[in-house]
Number of protein chains: 2
Amino acid sequence: MVKINKNYLKLQDSYLFSTVAKKVSEFSEKNPDKKVIKLGIGDVTLPIVPAVVESMKKATDEMGRKESFKGYGPEQGYDFLREKIVEYDYKRRGVNIEKDEIFVSDGAKCDTGNIQELFDENNVIAITDPVYPVYLDTNVMAGRAGEYEERTGKFNKIVYMSVNAENNFEPELPKEQVDLIYLCFPNNPTGTVLKKAELKKWIDYAKDNKAIILFDSAYERFIVEDDVPHSIYEVEGAKEVAIEFRSFSKTAGFTGLRCAYTVVPKELQVEGIQLNKLWNRRQTTKFNGVSYVTQRAAEAVYSEEGQKQVKENIEYYQENAKIIRDGLVNAGYTVYGGINSPYIWLKTPNNMKSWDFFDKLLNDVNIVGTPGSGFGPSGEGYFRLTAFGSRENTIEAMERIKKMN
Amino acid sequence: MVKINKNYLKLQDSYLFSTVAKKVSEFSEKNPDKKVIKLGIGDVTLPIVPAVVESMKKATDEMGRKESFKGYGPEQGYDFLREKIVEYDYKRRGVNIEKDEIFVSDGAKCDTGNIQELFDENNVIAITDPVYPVYLDTNVMAGRAGEYEERTGKFNKIVYMSVNAENNFEPELPKEQVDLIYLCFPNNPTGTVLKKAELKKWIDYAKDNKAIILFDSAYERFIVEDDVPHSIYEVEGAKEVAIEFRSFSKTAGFTGLRCAYTVVPKELQVEGIQLNKLWNRRQTTKFNGVSYVTQRAAEAVYSEEGQKQVKENIEYYQENAKIIRDGLVNAGYTVYGGINSPYIWLKTPNNMKSWDFFDKLLNDVNIVGTPGSGFGPSGEGYFRLTAFGSRENTIEAMERIKKMN
């Protein structure tokens, strides 16, 4: 008799974004005259830049001609793209990554979930709290999370590392033995970063404890401060302990095109086995590569025109982030993130609960954000706004918040 | 201390296609004057049809304009594509499948591997022998295969169902209890099919034994005979026991574009739980949908022009298959498949070993095919040729084989 994977039944339904959507739609129904401004979503809104559009159309034409048609491509990605990644994302920052350490994929979400397949199910997982929910949920599915405890809002086998104003959003090294550590910086949802010295602590910890760091740097393109590493490999020793996840989603607006990559350095060995070889085996067996057209799109991001155009889009979002940050500070809020990140993480006034603040913001000034508690127990009393709205709406939102009591 | 998934170490390296490539390149080096004809690959060669190219370029332009730009799409696929699938692939054949039973993905290879995540690791797996290697390898990775036995060339926990000339390439119902049964028809590598009555036996077996059929119909577009079902759901009762995998790879030449879909009917329940809900949870958590542009490409396959153009391509390959089949029969070979499939499966002459026949074909007449033993122990003594070559090469290959001693 066939049996299902019972771990799926332990998953907690995430009501976060569906509850947000429901509340907003109820409000709009009751108040059809009010203009609601949405600063809750983590999705880009500016279109694909012209250099990328042009490259995609060219690649599409190639696919339509017999002499240039491409069938199955290499599961790891085409060399033309892997070489650009090596050159622009790493070598230019003084980091030496080899072409065959790059694995092009259809999303960092997939990769951060799938990477676990390489590891024994008894490894202990550490995540920050609050956290991007995928790291947790995929481990629940794989049976590594243990049981959910209503009282704490946590799974009993997961090590939660709280990040909050008290520790400057820098997670403390775990006291218990952990094996796989998810770090995402610039962080989603808090928008905060780890500087080089802080990251070095984690690398040393991983070495000392034979742990592996799963480093998600999907937001690296938003970094403006010089001493914040774009890649964990900018920090000495990282290649021996860290896998890095990158994405074109936020850096080039590819959320609807699907292209990302994962770096698995050859130095990274567990029990004498190169993880690079295991990941290669996983990808060649369970994945069939990214569309040729999409890979040509990603390649165009690295062209001179592409870089210029993408930079303009990033600057647009960065300016929005600054407007939100300054607006909130002027209105008397305590604010984090938003400097090297499209996310602004604010402390709710008077220790209001996150969802109460959500209701107040929606009802009083018709602005939608995301309650911090939705990202984990330590997010309670915080609130996330994003810089992905239009300039006009972003400015208007801050004017409204300024006037709010 | 981090530990790897030891199941990966049980994987048998597949030397099939790399050995083929090595032998061919060695031959060509020694014989630079010989024209080698390759009929070994399972990849399409005709370009993407004009209707699809046009639709992709239009979608790309949409992505480049703010008012029509699309960010994250639904993980399950856009309605415009799911509706076309429901209408053309099912309703037109008298099968009622609902839109939310369709999950669009980037490949049937991914889906046939990932689907296992829904099931307990102690389920017993049945595969045909020979078989498309992904079904086996992904189960080895997940720890369901047991140990590899050199003597038999098999894993000791997998139930191998031999398909061969003696049983007309129709696998026999397993005597032992099995829980998950992979069936691929039209079959890769044998090119043979199961008719409705034969499939019905499997559905009854699955019902009686509370097993699930994982039905891969990636080659359905090649079916020409009326009594061969294109979908397992054409057979009564299948919705309660079967998941179906479909792909645009072979049907519309999308091997380089990456689009497929999986059907999980709501009737399909295990221990009172809808697998549709579990797969939805899996996909929304570990997958982020297929590129908008690629989904518009797939949609265009269903347009009037698209259907006409795709049909022409399929007919081109079908004619190649007929040329190979007839050529081999005329040359005195015993031949299977190739009628409802792009694959021709031939019995080697004089019970030659598959690899010996490979060498003979390469050395004597400079033709490359795939040794049957590479697909499993029961493939020994068989050989695969594919219809994906050019017409000219296909004809020439048959002329050469005719003259071969």
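Residues numbered from 1 in each chain as written. Chains lettered and ligands numbered in written order. Predicted model: local features only at pLDDT ≥ 70, side-chain atom pairs only at ≥ 80, totals over all residues.

Colleague: Sorry, what's going on with the overall build of chain A here?
Modeller: Check the secondary structure of chain A and you find 12 helices and 17 strands. In terms of overall size, chain A behaves like a compact globule, its C-alpha atoms giving a radius of gyration of 22 Å where 405 residues would be expected to give roughly 22 Å. The principal-axis extents of the C-alpha atoms in chain A amount to approximately 60 × 55 × 50 Å. By sequence separation, contacts in chain A at least 24 residues apart represent 72% of the contacts at least 6 residues apart. (Helix = DSSP H or I, 4+ residues; strand = E, 2+ residues; numbered from the N terminus. Rg over C-alpha atoms; globule rule 2.2 N^0.38 Å. Contact = placed C-beta atoms within 7 Å.)

Colleague: Would you mind going over helix α8 (residues 275–286) of chain A with me for this structure?
Modeller: Each α-helix winds once per 3.6 residues, and so residues spaced three or four apart point in a common direction. Compared with the 16 Å implied by 1.5 Å per residue over 12 residues, the 16 Å span of α8 of chain A between its first and last C-alpha is a close match. Residues L275, N276, L278, W279, R282, Q283, T285 and K286 of chain A constitute the buried set of α8 of chain A. Looking at the buried positions of α8 of chain A, the neighbouring elements they touch are β2 (102–105), α4 (108–114), β11 (269–270) and β12 (273–274) of chain A together with α4 (108–114) and α5 (133–141) of chain B. (Expected span 1.5 Å × (residues − 1). Buried ≥ 20, exposed ≤ 12 C-beta atoms within 10 Å, placed from the backbone.)

Colleague: Explanation requested: helix α2 (residues 50–63) of chain B in the structure shown.
Modeller: The terminal C-alpha atoms of α2 of chain B lie 20 Å apart, and with 14 residues this matches the ideal 20 Å at 1.5 Å per residue to within 8%. Residues A51, V52, V53, S55, M56, K57, A59, T60 and M63 of chain B constitute the buried set of α2 of chain B. Buried residues along α2 of chain B sit against α2 (50–63) of chain A together with α7 (249–252), α9 (292–301) and α10 (304–330) of chain B.

Colleague: What am I meant to see in the relation of the copies chain B and chain A here?
Modeller: Two chain copies here: they are related by a rotation about an axis and a translation along the same axis. It takes a turn of 180 degrees to lay chain B on chain A, together with a shift of 0.0 Å along the axis; the resulting RMSD is 0.0 Å. Such a combination of turn and shift is consistent with a two-fold rotation axis. Within chain B, K57 of chain B has its C-alpha nearest the rotation axis, a separation of 2.8 Å. A symmetric contact is evident, with 100% of the interface residues of chain B recurring at the interface of chain A. (Least-squares fit on C-alpha atoms with pLDDT ≥ 70 in both.)

Colleague: Sorry, what's going on with the pairing of strand β3 (residues 125–129) of chain A here?
Modeller: Consecutive residues of a regular strand have side chains that alternate between opposite faces of the sheet. Residues and elements named next belong to chain A. Counting buried residues along β3, 5 of its 5 residues qualify, which places the element largely inside the surrounding structure. Where β3 and strand β7 (residues 180–184) come together, 2 bridges link them in parallel fashion. Within the sheet, the bridge partner assigned to A126 lies in β7 and is I181. Pairing geometry for β3 and strand β6 (residues 159–162), over 4 bridges, is parallel. (Pairing = 2+ DSSP bridges.)

Colleague: Quick question: what am I supposed to make of the nonpolar core here?
Modeller: Across soluble globular proteins, nonpolar side chains show a tendency to be buried alongside one another. Counting residues in hydrophobic clusters, the biggest one holds 236 residues, and the most contacted among them are I213 of chain A together with I213 of chain B. The contacts of I213 of chain A, once residues within four sequence positions are left out, are I181, L183, W202, A206, I232, V241 and A242 of chain A. (Core = buried A, V, L, I, M, F, W, Y, C linked by C-beta atoms within 7 Å.)

Colleague: Sorry if this is basic, but what is going on with the sheet that holds strand β2 (residues 102–105) of chain B here?
Modeller: What holds strands together in a sheet is hydrogen bonding between their backbones, with the strands either parallel or antiparallel. Residue and element names in this part refer to chain B. One open sheet holds the 7 strands; their spatial order is β2-β10-β9-β8-β7-β3-β6, and the pairing between them is mixed. Two strands bound the open sheet, and with one partner strand each, they are β2 and β6 (159–162). For this sheet, the mean angle separating the axes of adjacent strands, direction not counted, is 20 degrees. Relative to strand β10 (residues 260–263), strand β9 (residues 242–247) runs antiparallel, the two sharing 4 bridges. Across the sheet, S247 pairs through a bridge with A260, a residue of β10. Here helix α3 (residues 79–90) sits on the sheet and contacts β2, β9 and β10; the angle it forms with β2, its principal contact strand, is near 115 degrees. (Axes fitted to C-alpha atoms, helices over the stretch in contact; angles between N-to-C directions.)

Colleague: Can you help me understand the pairing of β2 of chain A in this one?
Modeller: All names here are of chain A. Of the two faces of β2, the one holding I102 and V104 and the one holding F103 and S105 are both buried throughout. Bridging between β2 and strand β10 (residues 260–263) involves 4 bridges; their strand directions are antiparallel. By the bridge assignment for β10, I102 is matched with V263.

Colleague: Mind showing me how you'd approach the packing of α3 of chain B against α9 of chain B here?
Modeller: In helix packing, the relevant descriptors are the interaxial angle and the interaxial distance, both defined with respect to the helix axes. Residue and element names in this part refer to chain B. Orientation of α3 relative to α9, taken along the N-to-C sense of each, is 25 degrees, at an axis distance of 9 Å. Classified by the angle their axes make, α3 and α9 are roughly parallel. Regarding α3 and α9, the two cross each other, and that crossing is left-handed. Here α3 contributes F80, L81 and K84 to the contact with α9, which in turn contributes Q295, A298 and E299. Across the contact of α3 with α9, the residue classes tally to 3 nonpolar, 1 polar and 2 charged. (Parallel < 35°, antiparallel > 145°, perpendicular 65-115°, else oblique. Left-handed = near helix turned anticlockwise from the far one by under 90°. Nonpolar A, V, L, I, M, F, W, Y, C, P; charged D, E, K, R; others polar.)

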